[in-house]
Structure formats: structure tokens, C-alpha cells
Amino acid sequence: MPIDPVYYSELTRRTRARARKFVAQMNNTKWREVFRIIARHKIGFQIAWVHGEEPLPTIHGLHNEELIDRTGLRDPGIGGPCFYWEILWLRFPYTLQYDNSRGHIRIETQEIAPFLRELRSLGELPINESSQFVELLAYAKPDVVPQTR
């Protein structure tokens, strides 16, 4: 089913209006480097979009650097192609939990430390750490000064 250009234009306008309510902390160059590091380390992540703010529960991966484009990702399996400016944040859980079709749960531990070291080698990035995950924030709310590490 082809996308209606008028509908797509309106959807893009609304998403951009929502993004303008935040303060951007990332640019396309930083995003490309971040996604290259994700692909090299094969790190699973959750994503939240500017238009939704709630994370998708699905764990995504980016194992092919050819999906990394100049201004966004080519269809990486996270809902179609996306622009970097549409990403609110990425979350990298220390442990990943997968449910299979038979109701069995498989748990994997991610090697976050080497990934985080390489991420920090890019310079100051808006990173939050907790006991369960590391988050990379693309935007901050105007009244909140982000911590960089």
C-alpha cells in the first residue's frame, strides 16, 4: 500500500514540531559513529521516538553497517527507515530477555563495558547509567541540564 504524500507530510510536520520542544544533544555525525559502534559490538537496544517517548519493549540489533546512512538508518527492523532526529533515546540493557513461542524465557548478558568504553572515546555524550541499563539521550527537556560522561 503506497503512502499518501499528504499524510506523510503532515506526520513529519507533527514529529518535527514535537522535536522542537526538546534541546538536541546529538547530530548526524555522532549518530553514525554511535551506530557503527553498536554494529561492531552487536549490542541490543531499545528505542524511544520523539513522537512517543515510551520505549518499545522490543530489543533491536544493528549488525550491518550498510544500514547506517548519512541522515538516518535504512530499514533496520525497527519500524522502517528512520531519520536520526526522530530518535529520542536508545537504551542498552545489561541483560536481554527473549520469550520464544513456547513460553520459554532466554536471558542473555550483554558486554556493555567494552561498548561503553568505545562510545566514550567519541567525546562527551549525553549518557545516563543505571544498574539495569545505559541510555544515550538524543534530546533533553529545556528545563533539564543533562549530565555528560
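Small disclaimer: the values here were computed from a predicted structure and weren't measured.

Enquirer: How would you sum up the sheet that holds strand 8 (residues 127-129)? Please name residues and give values.
Expert: Pairing in this open sheet of four strands is antiparallel, and the strands run 2-5-9-8 from one edge to the other. Each having just a single partner strand, strand 2 (46-49) and strand 8 make up the two edges of the open sheet. In this sheet, neighbouring strand axes are inclined to one another by 20 degrees on average, regardless of whether the strands run parallel or antiparallel. The sheet contact formed by strand 2 and strand 5 (residues 87-93) spans four bridges and is antiparallel. What sits directly across from Trp49, in strand 5, is Ile87. Where helix 2 (residues 28-41) meets the sheet, its contacts fall on strand 5 and strand 9 (133-137), and the angle it forms with strand 5 comes to roughly 25 degrees. Helix 3 (residues 112-120) contacts strand 5, strand 8 and strand 9 of the sheet and is inclined by roughly 155 degrees relative to strand 8.

Enquirer: Can you explain the packing of helix 2 against helix 3? Please cite residues and give values.
Expert: When two helices pack together, you describe them by how their axes are tilted relative to each other and by the distance separating the axes. In the contact formed by helix 2 and helix 3, the axes pass within 10 Å of each other and the chain directions differ by 155 degrees. Overall, the two elements helix 2 and helix 3 adopt an arrangement that is roughly antiparallel. Once helix 2 is placed against helix 3, the crossing between them reads as right-handed. Together, Val34, Ile37, Ile38, Arg40 and His41 of helix 2 and Pro114, Phe115, Glu118 and Leu119 of helix 3 make up the contact between the two elements. For the contact of helix 2 with helix 3, the class distribution of residues is six nonpolar, one polar and two charged.

Enquirer: Please give an account of the side chain of Gln110 that cites residues and values.
Expert: Relative to the assigned elements, Gln110 resides in the loop between strand 7 (105-109) and helix 3. Its relative accessible area of 8% is what places Gln110 among the buried residues. Here the side chain of Gln110 touches Pro93 through a polar contact of 2.6 Å, landing on its backbone oxygen. Those residues in contact with Gln110, other than ones at most four positions away along the chain, are Lys42, Ile43, Gly44, Phe92, Pro93, Tyr94 and Leu96.

Criteria and thresholds
- Residues numbered from 1 in each chain as written.
- Predicted model: local features only at pLDDT ≥ 70, side-chain atom pairs only at ≥ 80, totals over all residues.
- Heavy atoms only, no water.
- Pairing = 2+ DSSP bridges.
- Helix = DSSP H or I, 4+ residues; strand = E, 2+ residues; numbered from the N terminus.
- Axes fitted to C-alpha atoms, helices over the stretch in contact; angles between N-to-C directions.
- Contact = heavy atoms within 4.5 Å.
- Parallel < 35°, antiparallel > 145°, perpendicular 65-115°, else oblique.
- Left-handed = near helix turned anticlockwise from the far one by under 90°.
- Nonpolar A, V, L, I, M, F, W, Y, C, P; charged D, E, K, R; others polar.
- Buried < 20%, exposed > 50% of the residue type's maximum accessible area, 1.4 Å probe, protein only.
- Polar contact = N/O pair within 3.5 Å; in protein donor to acceptor, adjacent residues only side chain to side chain.

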